[in-house]
Amino acid sequence: MDRTNWRESAAWMKRQNQFRLAHASKVWTTYQWQKLTGAVLLPEMPLSLSIETGTACNLRCPECPSGLKSFTRPQGKLSADFFRSVLDEVHPWLLNLNLYFQGEPLLHPEFHELAAYASSKNIFTRTSTNGHFLDESSARKLIDSGIDSITVSVDGTTQEVYESYRKGGQLDRVLDGIRNLSEARKKSKKITPVIRLQFLVTGENEHQLNSVYDLARRVGADRVDFKSVQVYEFESGSPLISGHKNFARYKKTSTGNWVIKNDLEDHCWRMWSGSVITWDGQVVPCCFDKDARHSLGNLKQQSFQTVWKSEAYNSFRMSVLKSRRDVDICANCTEGLKLTN
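Residues numbered from 1 in each chain as written. Predicted model: local features only at pLDDT ≥ 70, side-chain atom pairs only at ≥ 80, totals over all residues. Heavy atoms only, no water.

Novice: I tried to follow the overall build of the protein chain on my own but got confused; where do I start?
Specialist: Each helix and strand in the protein chain was counted, giving 12 helices and 10 strands. For the protein chain, the C-alpha radius of gyration of 20 Å lies close to 20 Å, the compact-globule estimate for 341 residues. For the protein chain, the C-alpha atoms occupy an extent of roughly 55 × 50 × 35 Å along the three principal directions. Among the 341 residues that make up the protein chain, the fraction classed as buried is 56%. At a minimum sequence separation of 6, the contacts of the protein chain that also span at least 24 residues come to 72%. Per element, the accessible surface of the protein chain, about 15,200 Å² overall, is 50% carbon and sulfur. (Helix = DSSP H or I, 4+ residues; strand = E, 2+ residues; numbered from the N terminus. Rg over C-alpha atoms; globule rule 2.2 N^0.38 Å. Buried < 20%, exposed > 50% of the residue type's maximum accessible area, 1.4 Å probe, protein only. Contact = heavy atoms within 4.5 Å. Areas by Shrake-Rupley, 256 points an atom, 1.4 Å probe, with all protein chains shown as cover.)

Novice: Can you help me understand the pairing of strand β6 (residues 223–228) in this one?
Specialist: On a regular strand, each side chain points to the face opposite its neighbour's, so the side chains alternate between the two faces of the sheet. In the sheet, strand β5 (residues 194–201) pairs with β6 via 6 bridges, with the strands oriented parallel. Bridge assignment links Phe199 to a residue of β6, and that residue is Phe226. For the segment spanning β5, helix α9 (residues 212–219) and β6, crossover handedness is right-handed. (Pairing = 2+ DSSP bridges. Right-handed = clockwise from strand over helix to strand, strands pointing away.)

Novice: So what exactly am I meant to see when it comes to helix α2 (residues 18–37) here?
Specialist: Count 3.6 residues to each turn of an α-helix, and residues three or four apart come out pointing the same way. Its 20 residues place the ends of α2 29 Å apart at the C-alpha level, agreeing with the 28 Å of an ideal helix rising 1.5 Å per residue. Along α2, the residues that are buried comprise Arg20, His23, Ala24, Val27, Thr30, Tyr31 and Gln34. Seen end-on, α2 carries its buried residues on one side only, within an arc spanning 130 degrees. Opposite the buried face of α2, at more than 90 degrees from it, the exposed residues are Gln18 and Leu36. (Expected span 1.5 Å × (residues − 1). Arc of directions from axis to C-beta.)

Novice: Which parts of the structure should I look at to understand the packing of aromatic side chains?
Specialist: For any two aromatic rings, the description comes down to two numbers: the centre-to-centre distance and the angle of the planes. This structure, assessed with the given rule, holds 10 aromatic pairs. For the pair Tyr31 and Trp269, a centre-to-centre distance of 5.1 Å together with 65 degrees between the ring planes defines the contact as edge-to-face. Here the residue Tyr31 occupies a position in helix α2, and Trp269 occupies one in the loop between β8 (258–260) and α10 (270–273), the gap between them amounting to 238 residues. Residue classification places Tyr31 among the buried residues on the basis of a relative accessible area of 4%. A relative accessible area of 23% means that Trp269 is categorised as partly exposed. (Phe/Tyr/Trp six-rings, centres within 6.5 Å; stacked < 30°, edge-to-face > 60°.)

Novice: Sorry if this is basic, but what is going on with helix α5 (residues 111–120) here?
Specialist: α5 sits mainly inside the fold: 7 of its 10 residues count as buried. Residues Phe111, His112, Leu114, Ala115, Tyr117, Ala118 and Ser119 constitute the buried set of α5. Just beyond α5, the residue with positive phi is Asn122, at close to 60 degrees.

Novice: I would appreciate a short explanation of a nonpolar patch on the surface in the present structure.
Specialist: Nonpolar side chains collect at one region of the surface, where Trp33, Leu36 and Leu41 lie side by side and expose about 350 Å² of accessible area between them. Exposure remark for Leu41: the relative accessible area of 39% places this residue in the partly exposed category. (Patch = residues over 30% accessible without salt bridge, like charges linked within 9 Å, V, L, I, M, F, W, Y side chains within 5 Å. Salt bridge = Lys/Arg side-chain N within 4 Å of Asp/Glu carboxyl O.)

Novice: Can you help me understand the nonpolar core in this one?
Specialist: As a rule of thumb, nonpolar side chains are buried together in soluble globular proteins. The biggest cluster of nonpolar side chains holds 84 residues, and the ones touching the most others in it are Phe83, Leu87, Val154 and Phe304. Leaving out residues up to four positions away in the same chain, Leu87 has contacts with Ile51, Leu97, Tyr117, Ala118 and Ile123. (Core = buried A, V, L, I, M, F, W, Y, C linked by side-chain atoms within 4.5 Å.)

Novice: Would you take a moment to explain the pattern of salt bridges for this structure?
Specialist: A side chain with one charge may pair with a side chain of the opposite charge, provided their charged atoms come close. In total, this model carries 14 salt bridges according to the counting rule given. In this structure, Lys186 and Glu183 form a salt bridge, with 3.5 Å as the shortest nitrogen-oxygen distance. One end of the pair is Lys186 and the other is Glu183, both in helix α8 (residues 171–188) and 3 residues apart, which spans about a single turn. A salt bridge links Asp222 to Arg185; the nearest nitrogen and oxygen atoms lie 2.7 Å apart. In this pair, Asp222 is assigned in the loop between α9 and β6 and Arg185 in helix α8, connecting sequence segments 37 residues apart. A single burial state applies to Asp222 and to Arg185, both of which are buried. Look at the salt bridges and you will find they share partners, linking Glu8, Arg196, Arg223 and Asp225 into a network.

If you want it as structure tokens, here you go:
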């Protein structure tokens, strides 16, 4: 059923140009040099950005600050004018744009317009949604926007299992939404967006792993992506921690405590290849900084290039190169995680 490879590869290559690809080579070379030497040089501009559309969400998932309403940072939604100003600056370098961070992206009243603007800049654009706002009209608008890839979270093949994590969610509504996307794409005769069904593997749904593929086929998804669950307070264990060696982010020690399986080596590709921008313009180092504790600048006052090449950003990169294990947001990181024992 995996039709994603040719669809996504074709869409991605269509978006690129010689300048972006040459720039990507420079970023990779610079990262390898700094990984080898431990010295932070003036970085090239990033290849990827995640931009938060807003913090609101209709669900109450137990390990999500949007669902738990546990943010200590300001909450709100992205200004379309601000979004356009950011893309106007950074689009020459970007290979990829993730139009999501925290919150449910499709709750943004201008989401389709935001996606269309990114498409007009010829940026390969993705989003990730819980799938509750994919009625026929929204599905058509998403197809027309030119967005390249849409991930829909389906963390269970039955309502009972699905809602064990997606609190307040309606599985039938989500599956109908995927069907709407697939049908709208078929009618448009386009190959995109690629439709990805994401299954967050937990201790409560891992028994349904084998049935996910059949479900994906039935609703018209192109691919199934499995993802390991993040648990904030994992040290004492949790029912959410999967026992499947391929998808468990944590392991139990001989003392009975739980630890992350990641060796947390002192380097991180994300520090040189990408960044995250919150709805109100804060620049944070990666998607694990959900509460923006490490804000490195604000694009309402500075250009992205100024923030990206600032002393504060380079100081954070150096802290990762020096001792990644001591950086709090790295505690649950999947960068470099080996998901098999």
